[in-house]
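Spelled out from the first residue to the last, the chains are:
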Amino acid sequence: MASIDPLTNSWLDEFPARIAQLDRAHLRRKRRVVVPQDGAYLQVDGQRLLAFCSNDYLGLARHPALVQAACDGARAFGVGSAASPLVSGHSAANEALEQALARFTGQARALYFYAGYATNAGIVPALVGKGDALFSDALNHACLIDGARLSGAQIHRYPHADLAALEQALISSPARRKLVISDAVFSMDGDVADVPALLALCERHDALLLLDDAHGFGVLGPQGRGCLAHFGLSGKNASPRVLYMATLGKAAGVAGAFVAGSEALVEWLMQKTRSYVFATAAPAMLATALQASLQLIEQDEWRRGHLQRLIARLRQGLFQGLQGSSWRLGDSPTAIQPLVIGSSDAALAVMDGLRARGIWVPAIRPPTVPEGTARLRIALSAAHTDADIDQLVQALTEMSQLHATHHT
Ligand SMILES: *Cc1c(COP(=O)(O)O)cnc(C)c1O
């Protein structure tokens, strides 16, 4: 039997030093305790901050109709589902939600999951495996990447949005089963994938296209029906070559995710996705809250209209305010507005400066984004007011001028 040599340390003793290493590399993340306030304000460690860091794009997360629907759901079904969906966890509320999601996105069928991470990490390995080929945009979300790794399929990573490179990779691959995976709206840049072009490539090379619309669902397309509707590729134009995935904890304001597509594809995923089969079903109270959310997403066109006006106001304000500055506002039409600062230290300094002015915008640094492109990820929401945007623009304008003076 192996015994522990008292002179050599166990690996269990290494964690404090490893954490210190994260500290030295400025890679240690802090977790803040937040309490939601009115509008887009959060109380953060006791300080009241105007927040530009949530993905609650339509301002629905605390809507009274959703809260009421969650309470009603809890009264009718309890708070827990108590079993996996294929045993006894698939409540009537979850079934109704799936039908509503399929109808809303113009797909034949939908499957409702408790989280987006688990959806992508699970469905990719259910679709492809050893001997198959995966084609993945370099800026895809971590859960698509993890699903790809878990699948054992050969992964071809193409440069962001480089469809010529994607086509070359598709041509060169001898695999019979090819799966292209892409964010529909890229989470750190806010740009929208060229879905029609992706789909055309998939048609030409007999590939399946999996789109992650975490940041487009509820926001893009008529009535917020998502990226496929935005490009006119849903309903009677839905392609059996597309699997549509979206999360329900962002614009929808609740939690969970779903995948939608043709009857056979969704049935296969229900049978074979390990993160679905071997996990407790999402609570029915979330499904009832999501039904209320879907109604508001569909009805409240003003939320998308207001959000679009805020996006335009921010972009115009920053174009004017940041003239002559080295800070660069990314070319994004969505609620995700990246302000690229450059070095990690500089981005952190801007974040701290904003915080001192009562504003919270998260700095996103390498390795989450490429080296030299550390940025502020400004996330807008229909919960913001014009005055909120003006306050942010004013603060950034003043700070960029200070920054410029320090560097000349
Ligand atoms: C947030 C996000 C996910 C994960 O969804 P959760 O429901 O939060 O687990 C997946 N994909 C993208 C692109 C995301 O931004």
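Computed from a prediction, not measured in an experiment: that's the story for all the values here.

> Help me get a handle on helix α12 (residues 284-299), residues and values and all.
Counting along an α-helix, one turn takes 3.6 residues, and residues three or four places apart therefore face a common direction. Taking 1.5 Å as the rise per residue, α12 with 16 residues should run 22 Å; its terminal C-alpha atoms sit 23 Å apart, in good agreement. When α12 is considered as a whole, its buried residues turn out to be Ala284, Ala287, Thr288, Ala289, Leu290, Ala292, Ser293, Leu294, Leu296 and Ile297. Buried residues along α12 sit in contact with α2 (64-77), α4 (92-105), β4 (109-113) and α13 (301-321).

> Give me the layout of surface pockets: which residues, what numbers.
The computed volume of the largest pocket comes to approximately 1300 Å³. Elements supplying a minimum of two residues to the lining of the largest pocket: α14 (344-356) and β14 (363-364). Counting residues per element, the lining of the largest pocket draws most heavily on α14, which supplies 3 residues. For the lining of the largest pocket, the per-class residue count stands at 18 nonpolar, 7 polar and 12 charged. Residues from two domains meet in the lining of the largest pocket; each of domain 1 (31-58 + 301-406) and domain 2 (64-299) gives at least three. As a volume, the second largest pocket reaches approximately 400 Å³. Those elements giving two or more residues to the lining of the second largest pocket turn out to be α5 (116-127), β7 (178-183), β8 (207-212) and α10 (263-272). Per-element tally for the lining of the second largest pocket: the top contributor is α10, with 3 residues. Within the lining of the second largest pocket, the residues separate by chemical class into 10 nonpolar, 1 polar and 6 charged.

> Help me get a handle on the domain arrangement of the chain, residues and values and all.
Here the chain is described as being made up of domain 1 (31-58 + 301-406) and domain 2 (64-299). Centre-to-centre, using C-alpha coordinates, domain 1 lies 28 Å away from domain 2. Counting residues at the interface gives 17 residues for domain 1 and 20 residues for domain 2. With both chains or domains summed, domain 1 and domain 2 bury close to 1500 Å², and 59% of this area falls on carbon and sulfur atoms. In this structure, the connection of domain 1 to domain 2 is made through 1 salt bridge. For Arg375, the salt bridge goes to Asp189, with nearest N and O atoms at 3.2 Å. Summed over the shared surface of domain 1 and domain 2, the result is 10 residue pairs in polar contact (both at pLDDT 80 or more). Within the residue set of the side of domain 1 that touches domain 2, elements represented by two or more residues are α13, β12 (336-342) and β15 (374-379). Residue contributions to the side of domain 1 that touches domain 2 peak at 3 residues, all from α13. When grouped by side-chain class, the residues that make up the side of domain 1 that touches domain 2 number 8 nonpolar, 4 polar and 5 charged.

> Now, about the sheet that holds strand β13 (residues 359-360): what can you tell me, with residues and values included?
The strand order across the open sheet built from 4 strands is β1-β2-β3-β13, with neighbouring strands paired in mixed fashion. Both outer strands of the open sheet, β1 (34-36) and β13, are each paired with one neighbouring strand and no more. Two strands pair when backbone bridges link them, and β1 and strand β2 (residues 41-44) are joined in this way by 3 bridges, in the antiparallel orientation. Residue pairing across strands places Pro36 opposite Leu42, the latter belonging to β2.

> An account of α13 is requested, with residue identities and associated values reported.
Counted at 1.5 Å a residue, the expected span for α13 with its 21 residues is 30 Å, and the 30 Å between its end C-alpha atoms agrees. Within α13, the full set of buried residues consists of Arg303, Arg304, His306, Leu307, Leu310, Ile311, Leu314, Arg315, Gly317, Leu318 and Gly321.

> Talk me through the packing of α4 against α12; I want residue IDs and the actual numbers.
The interhelical angle for the contact between α4 and α12, taken along N-to-C directions, is 25°, at an axis separation of 8 Å. Our classification of the angle between α4 and α12 gives roughly parallel. Read as a crossing pair, α4 and α12 show a hand that is left-handed. Counted together, Ala93, Asn94, Ala96, Leu97, Ala100, Leu101 and Phe104 of α4 and Ala284, Ala287, Thr288, Leu290, Gln291, Leu294, Ile297 and Glu298 of α12 form the full contact between these two elements. Its residues assigned to classes, the contact of α4 with α12 shows 11 nonpolar, 3 polar and 1 charged.

> Residues and numbers for the site of the ligand, please.
Lining the immediate surroundings of the ligand are Ala115, Gly116, Tyr117, His141, Cys143, Asp183, Asp212, Ala214, His215, Thr247, Lys250 and Gly256. Within the backbone of Gly116, one N or O atom sits 2.7 Å away from an oxygen atom of the ligand. One of the side-chain nitrogen or oxygen atoms of Asp212 is found 2.6 Å away from a nitrogen atom of the ligand. Here the ligand loses 81% of its free accessible area of 380 Å² to cover by the protein chains.

Scoring rules and cut-offs
- Residues numbered from 1 in each chain as written.
- Predicted model: local features only at pLDDT ≥ 70, side-chain atom pairs only at ≥ 80, totals over all residues.
- Heavy atoms only, no water.
- Helix = DSSP H or I, 4+ residues; strand = E, 2+ residues; numbered from the N terminus.
- Expected span 1.5 Å × (residues − 1).
- Buried < 20%, exposed > 50% of the residue type's maximum accessible area, 1.4 Å probe, protein only.
- Contact = heavy atoms within 4.5 Å.
- 1 Å grid on protein atoms, 1.4 Å probe; cavity = no way out; pocket = protein on both sides within 12 Å on 5 of 7 lines; lining within 4 Å.
- Points joined across faces, edges and corners; volume = space filled by probe spheres on them.
- Nonpolar A, V, L, I, M, F, W, Y, C, P; charged D, E, K, R; others polar.
- Domains from an automatic or database assignment.
- Buried area = accessible area lost by both parts, 1.4 Å probe.
- Salt bridge = Lys/Arg side-chain N within 4 Å of Asp/Glu carboxyl O.
- Polar contact = N/O pair within 3.5 Å; in protein donor to acceptor, adjacent residues only side chain to side chain.
- Pairing = 2+ DSSP bridges.
- Axes fitted to C-alpha atoms, helices over the stretch in contact; angles between N-to-C directions.
- Parallel < 35°, antiparallel > 145°, perpendicular 65-115°, else oblique.
- Left-handed = near helix turned anticlockwise from the far one by under 90°.
- Near = heavy atom within 4 Å.
- Areas by Shrake-Rupley, 256 points an atom, 1.4 Å probe, with all protein chains shown as cover.

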